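A look at the structure
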Amino acid sequence: MPQTAPTPWATLGPASINQGQCPVRDVLDHIGDKWTALIVLTLKSSPSRFSALHRAVPDISKRMLTQSLRNLERDGLLSRHVFPTKPPAVEYRLTPMGQSFLRHLESLVAWAEENHPAVREARLRFEAANDEG
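Residues numbered from 1 in each chain as written. Predicted model: local features only at pLDDT ≥ 70, side-chain atom pairs only at ≥ 80, totals over all residues. Heavy atoms only, no water.

As annotated in an unreviewed UniProt entry, the protein carries the name Transcriptional regulator and comes from Azospirillum cavernae.

Re the pairing of strand β3 (residues 89-94)
Within β3, 5 of the 6 residues are buried, which leaves it mostly tucked inside the rest of the structure. Across 6 bridges, the pairing between strand β2 (residues 78-83) and β3 is antiparallel. Bridge pairing links R80 to Y92 in β3. Following β2, the chain reverses through 5 residues before pairing antiparallel with β3. (Buried < 20%, exposed > 50% of the residue type's maximum accessible area, 1.4 Å probe, protein only. Helix = DSSP H or I, 4+ residues; strand = E, 2+ residues; numbered from the N terminus. Pairing = 2+ DSSP bridges.)

Here's the deal with the nonpolar core
By size, the foremost hydrophobic cluster in this structure holds 19 residues, and its most contacted members are I39, L43, L69, L78 and Y92. Looking at this core, the elements with two or more residues in it are α3 (34-42), α5 (62-74), β3 and α6 (96-132). In this structure I39 touches L53, I60, L65, S68, L69, L72 and L78, once residues within four positions along its chain are discounted. (Core = buried A, V, L, I, M, F, W, Y, C linked by side-chain atoms within 4.5 Å. Contact = heavy atoms within 4.5 Å.)

Regarding the side chain of T36
Counting through the fold element by element, T36 comes out in helix α3. Using a relative accessible area of 2% as the deciding quantity, one classes T36 as buried.

Have a look at this one:
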């Protein structure tokens, strides 16, 4: 029987996974939140200013958008450019790492769109089965 390579996090052991040393947990903490995908997808085609991002993701608060943008900048997925105008104009754009993440995110989006009807149906079946008991 052929051996399969262990998953990257499997080599770390349970203690590392629980102590915040796991690269998967560390990265997914930010890119796995509900706002990151929407922000990155919004920046896909062109850089945007804060107000344009806020309009594109209307249910995000300004505070949460600010926090999410800072996290994405800190993680290297986007860059913030300040233009010397009065008042200063600020623009956000994806970095090369953000572009590489976008390719994977687009695959996830395609999977979600393809499987959304089946997921909704599974939820309904689960709820119906659990309402009977």
